[in-house]
Amino acid sequence: VFATANRITSIPPELLSRFAKQELKEYSDQEFIIVVKNVLQKNEELDEDSAATVAEKLVGRTHDIRAAVRVARMSKKVGVIRAIELLNLTKTIAIA
């Protein structure tokens, strides 16, 4: 049996103890671009240039593939930049 969760803090310890935890690292920027382009071309029927635009505009904002799909779907009506704004995917700012 396999189970997935984005956060395990709400899972009762009694249940969590029955699973072996395996944490996956976040996609690198390059991996994210490759995955997003493939998903958007295959599943959302975007052309290669449009898929690349969505992927590249989201680097530094998110590495969530589901967010890329939402942007792609919305961008067909309002454009990529406006879709990102409407979905409130603002640029991540690093604080040193």
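For the structure, see preceding data.
Throughout what follows, the structure given in this document is the object of discussion. Owing to the predicted nature of the structure, the values given are computational and were not obtained by experimental measurement.

**Observations regarding the pattern of salt bridges**
It is possible for side chains of opposite charge to pair when their charged atoms get near one another. A full pass over the atoms with the stated rule returns 4 salt bridges. A salt bridge links Arg82 to Glu85, with the nearest nitrogen and oxygen atoms 3.2 Å apart. With Arg82 and Glu85 both in helix H5 (residues 80-86) and 3 residues apart, this pair spans about one turn of that helix. Under the relative-accessibility criterion, Arg82 is labelled partly exposed at 41%. Taking the relative accessible area as the measure of exposure, Glu85 reaches 48% and is therefore partly exposed.

**Points about the side chain of His63**
Its location among the elements puts His63 in the loop between helix H3 (48-58) and helix H4 (65-78). One polar contact links the side chain of His63 to the main-chain carbonyl oxygen of Tyr27, over a distance of 2.7 Å. Only 2.8 Å separates the side chain of His63 from the side chain of Asp29, close enough to count as a polar contact. With residues near it in sequence (within four places) discarded, His63 still touches Glu26, Tyr27, Ser28, Asp29 and Phe32.

**Overview of the nonpolar core**
Membership of the largest hydrophobic core comes to 20 residues, with the highest contact counts inside it found for Val36, Leu40, Val54, Leu58 and Val71. Sorting the residues of this core by element identifies helix H2 (29-43), H3, H4 and H5 as the ones contributing at least two each. With 6 residues, the single largest contributor to this core is H4. Setting aside anything within four residues of it in sequence, one finds Leu58 in contact with Phe32, Ala67, Ala68, Val71, Ile84 and Leu89.

**Considering the side chain of Thr62**
Locating Thr62 in the fold gives a position in the loop between H3 and H4. What makes Thr62 buried here is its relative accessible area of 16%. Separated by 3.0 Å, the side chain of Thr62 and the backbone nitrogen of Asp64 make a polar contact. Residue contacts for Thr62: discarding those within four places in its chain leaves Phe32 and Ala67.

Conventions used here
Residues numbered from 1 in each chain as written. Predicted model: local features only at pLDDT ≥ 70, side-chain atom pairs only at ≥ 80, totals over all residues. Heavy atoms only, no water. Salt bridge = Lys/Arg side-chain N within 4 Å of Asp/Glu carboxyl O. Helix = DSSP H or I, 4+ residues; strand = E, 2+ residues; numbered from the N terminus. Buried < 20%, exposed > 50% of the residue type's maximum accessible area, 1.4 Å probe, protein only. Polar contact = N/O pair within 3.5 Å; in protein donor to acceptor, adjacent residues only side chain to side chain. Contact = heavy atoms within 4.5 Å. Core = buried A, V, L, I, M, F, W, Y, C linked by side-chain atoms within 4.5 Å.

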